[in-house]
Amino acid sequence: MKPSPKYIFVTGGVVSGIGKGVTCASIGRILKARRFEVSIMKLDPYINVDPGTMSPAQHGEVFVTIDGAETDLDLGHYERFIDVPLTRASNVTSGQVYEEVIKRERRGDFLGGTIQVIPHVTDGIKRHVKRLGEESEADVVIVEVGGTVGDIEGLPFLEALRQLRREIGPENVMYVHLTFLVHIGATGELKTKPTQHSVATLRGIGILPDILACRTDFPFQPGTREKLALFCDVEDEAVIPLESVDNIYAVPLFLEEAGLGRIITRKLSLPERPVDLRSWQRLIDRMTDATRPLDIALVGKYVHAADAYISVEQAIRHAGINNGQRPNIRWIDSERLDASNIDAVLAGVDGIVVPGGFGPRGIEGKVEAGRYARVNNIPYLGLCLGLQTAVIEFARNVLHLESANSIEFDAETGDPVIWPMPDHYGAIDMGGTMRLGEQPCLLTPGTRAAAAYGVDLVNERHRHRMEFNNDYRERMTAAGMELSGINPDKDLVEIIELHDHPWFVAVQFHPEFTSRPDAPHPLFDGFVKAATARSDSDAPGVEIARQSSVS
Ligand code: GLN
């Protein structure tokens, strides 16, 4: 039997949004480079049971695991950096823990007892953390706490992590605190005081960080390290500078170079092993070398929100690396796109992606983007909603079913080409009532999708309520649409593509979640290859695209 795992607890200080998810993912990568098995989880202090009901404008993308959990986007970083398929065990929220505790209270499990944050909620949190350690067979479990030290809702989580050190044994636990060093423009000074306060707050809770990872936009100055070490009571070498970089995938290399892997190994008494980051280094080199610009339009309604389409963006970039391209993503607001401006807005693009989404806002712009791609032979990749809008467009403009729509956007439409999935019909809860998680898809031989995958059967992750309406199959296929992927269990259309088009492929699932920097998803790869071919050809407007990607 494997010995019980070691734990690395990662907290954040000073400000949010300084890359805690990427840092945790990078720690995982440098441990994996020493052949340690790694598992990883995110503790999210908000009260929502999961982020599935949150607006991407507020919370960014919702990442879906193989078992269908709707989770924090940091799990996407974890999967991309560490290349482990995660499950619902890797994202725990306050909402989940409270829901469990309250259910047990109602059931009478605590009869006579007063239910309190300590011990009941903290016990719930600890149970989740330990369960992942037991079930994953990992050597090291990395646990990221969302938010910033000092947040009221984060306190039960920090208390639980403090208690775990006693329970699991101090030799098996370490704390990493990711902080931000403030730079004063007028004097050019890098200030450590906010970090000192943040660590003081952490120590007040009973957690003494072993490592300070210091995100900074400027290099350490003479004395920065020593000052932080002295005031925050960590060893000099455990103060790790983490200068901002353009390429997030380079972070593992910087952390390793700064000695983080060595310190973690020593503090957790893990066996010393050679570090092999050669393939990761090669990946970074290939990224640096991939400089040919490719103009890709991403047409969505959350294009102004940070990270709303982060996995889609990353998947496009991964396919770019594989083809020596540096995609320049044009973020197009679908609410503002219509027939009158589309020529100007999409002039010169090499490819168009329509990602997932919910609700009627901005739909017509996405439908129009599909039409534009179809009639102008521009490579198109539709993801979930991007399949549904492409089907609506085809029905309206090729089959001449003018009122064709999805039931989601027009409940009264005479031609519901997209409709609710049969077994979810009538579902009223908004949370967790979708087709979620990995589902099989049988590929139709001879199609572009089948050629791209190179296999007969694939499993892909879903998150949607609506489906292609099978009543329209015959009419669509007779008019030139190919059904290139079918769910064999439920006879649902999972992939469509168009004959007589360089690459018009749309999928009911989310291939973006399984793309890796060193292994792009086959459909993104196929799309980028088609876009590259268009960019290399004399397609009108290619020059304009080149110019805009340089600026
Ligand atoms: N809103 C659509 C549905 O529920 C598409 C969902 C998505 O794009 N993830 O089916």
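Residues numbered from 1 in each chain as written. Predicted model: local features only at pLDDT ≥ 70, side-chain atom pairs only at ≥ 80, totals over all residues. Heavy atoms only, no water.

1. A look at the sheet that holds strand E21 (residues 481-487)
Strand order in the open sheet made by the 9 strands is E13-E12-E14-E15-E23-E22-E21-E18-E19, with mixed pairing throughout. Of all the strands in the sheet, just strand E13 (325-333) and strand E19 (457-464) have a single pairing partner and so form its edges. When the angles between neighbouring strand axes are averaged without regard to direction, this sheet yields 25°. In this structure, E21 lies alongside strand E22 (residues 492-498), joined through 6 bridges in antiparallel fashion. Its bridge partner lying in E22, glutamate 482 is registered against glutamate 497. Helix H12 (residues 310-322) rests against strand E12 (292-300), E13, strand E14 (351-354) and strand E15 (380-383) of the sheet, and its axis sits at about 155° to E13. Of the strands in this sheet, E12, E14, E15, E22 and strand E23 (504-507) touch helix H14 (residues 363-375), which is tilted by about 150° from E14. (Pairing = 2+ DSSP bridges. Helix = DSSP H or I, 4+ residues; strand = E, 2+ residues; numbered from the N terminus. Axes fitted to C-alpha atoms, helices over the stretch in contact; angles between N-to-C directions. Contact = heavy atoms within 4.5 Å.)

2. Things to note about the site of the ligand
Gly356, Gly357, Phe358, Cys384, Leu385, Gln388, Glu408, Arg463, His464, Arg465, Met466 and His510 make up every residue found near the ligand. Measuring from a nitrogen atom of the ligand, one finds a backbone N or O atom of arginine 463 at 2.8 Å. In this structure, arginine 465 approaches the ligand through a main-chain N or O atom, which is 2.9 Å from an oxygen atom. Considering the ligand on its own, with 300 Å² of exposed area, one finds that the protein chains cover 99% of that surface. Taken atom by atom, the bulk of the ligand overlaps the second largest pocket. Grouping the constituent residues of the shell around the ligand by class yields 4 nonpolar, 5 polar and 3 charged. (Near = heavy atom within 4 Å. Polar contact = N/O pair within 3.5 Å; in protein donor to acceptor, adjacent residues only side chain to side chain. Areas by Shrake-Rupley, 256 points an atom, 1.4 Å probe, with all protein chains shown as cover. 1 Å grid on protein atoms, 1.4 Å probe; cavity = no way out; pocket = protein on both sides within 12 Å on 5 of 7 lines; lining within 4 Å. Sits in = over half its atoms within 2 Å of the grid points. Nonpolar A, V, L, I, M, F, W, Y, C, P; charged D, E, K, R; others polar.)

3. Notes on the layout of surface pockets
Roughly 610 Å³ of internal volume is contained in the second largest pocket. In terms of lining, the second largest pocket is formed by 31 residues, of which the most central are Pro56, Gly356, Gly357, Phe358 and Arg463. Looking at the lining of the second largest pocket, the elements with two or more residues in it are helix H15 (385-397) and E19. Residue composition of the lining of the second largest pocket, by class: 16 nonpolar, 10 polar and 5 charged. (Points joined across faces, edges and corners; volume = space filled by probe spheres on them.)

4. A short note on the nonpolar core
Core analysis: the largest hydrophobic core is formed by 59 residues, its most contacted members being Ile8, Leu31, Ile142, Ile211 and Ile264. Among the elements that make up this core, the one with the highest residue count is helix H1 (residues 20-32) (6 residues). Excluding residues within four positions of it along the chain, isoleucine 142 makes contact with Ile8, Val10, Cys24, Ile27, Gly28, Leu31, Val38, Ser39, Ile40 and Met41. (Core = buried A, V, L, I, M, F, W, Y, C linked by side-chain atoms within 4.5 Å. Buried < 20%, exposed > 50% of the residue type's maximum accessible area, 1.4 Å probe, protein only.)

5. Describing helix H6 (residues 155-168)
With 14 residues, H6 extends 20 Å from end C-alpha to end C-alpha; this agrees with the ideal 20 Å at 1.5 Å per step. When we look at burial in H6, the residues that qualify are Pro156, Phe157, Leu158, Glu159, Ala160, Leu161, Gln163, Leu164 and Ile168. (Expected span 1.5 Å × (residues − 1).)

6. With respect to the pattern of salt bridges
Under the criterion given, the structure shown has 35 salt bridges. Of the charged contacts, one joins glutamate 70 and arginine 463 as a salt bridge, the two residues approaching to 2.6 Å between their closest N and O atoms. Highlighted residues: glutamate 70 in strand E4 (residues 70-71) and arginine 463 in strand E19, separated in sequence by 393 residues. Arginine 463 gets classed as buried once you look at its relative accessible area, which sits at 11%. (Salt bridge = Lys/Arg side-chain N within 4 Å of Asp/Glu carboxyl O.)

7. Observations regarding the packing of aromatic side chains
Enumeration over the complete set of coordinates arrives at 7 aromatic pairs. Arranged with centres 4.9 Å apart and planes meeting at 65°, the rings of phenylalanine 63 and phenylalanine 513 form a pair that is edge-to-face. Remark: phenylalanine 513 occurs in the loop between E23 and helix H18 (522-536) and phenylalanine 63 occurs in strand E3 (residues 63-64); sequence separation between them is 450 residues. The pair formed by phenylalanine 63 and phenylalanine 513 is uniform in burial state, with each residue classed as buried. Summarising the aromatic geometry, the rings of tyrosine 380 and phenylalanine 504 are spaced 4.3 Å apart at their centres and angled 10° between planes, so their arrangement reads as stacked. Of this pair, tyrosine 380 sits in strand E15 while phenylalanine 504 is found in strand E23, placing the two residues 124 residues apart along the sequence. Judged by its relative accessible area of 2%, phenylalanine 504 falls in the buried class. An aromatic cluster is defined as three or more aromatic residues linked by ring pairs; in this entry it consists of Tyr7, Phe9 and Tyr175. (Phe/Tyr/Trp six-rings, centres within 6.5 Å; stacked < 30°, edge-to-face > 60°.)

Interpretation in functional terms is not warranted from these geometric data alone.
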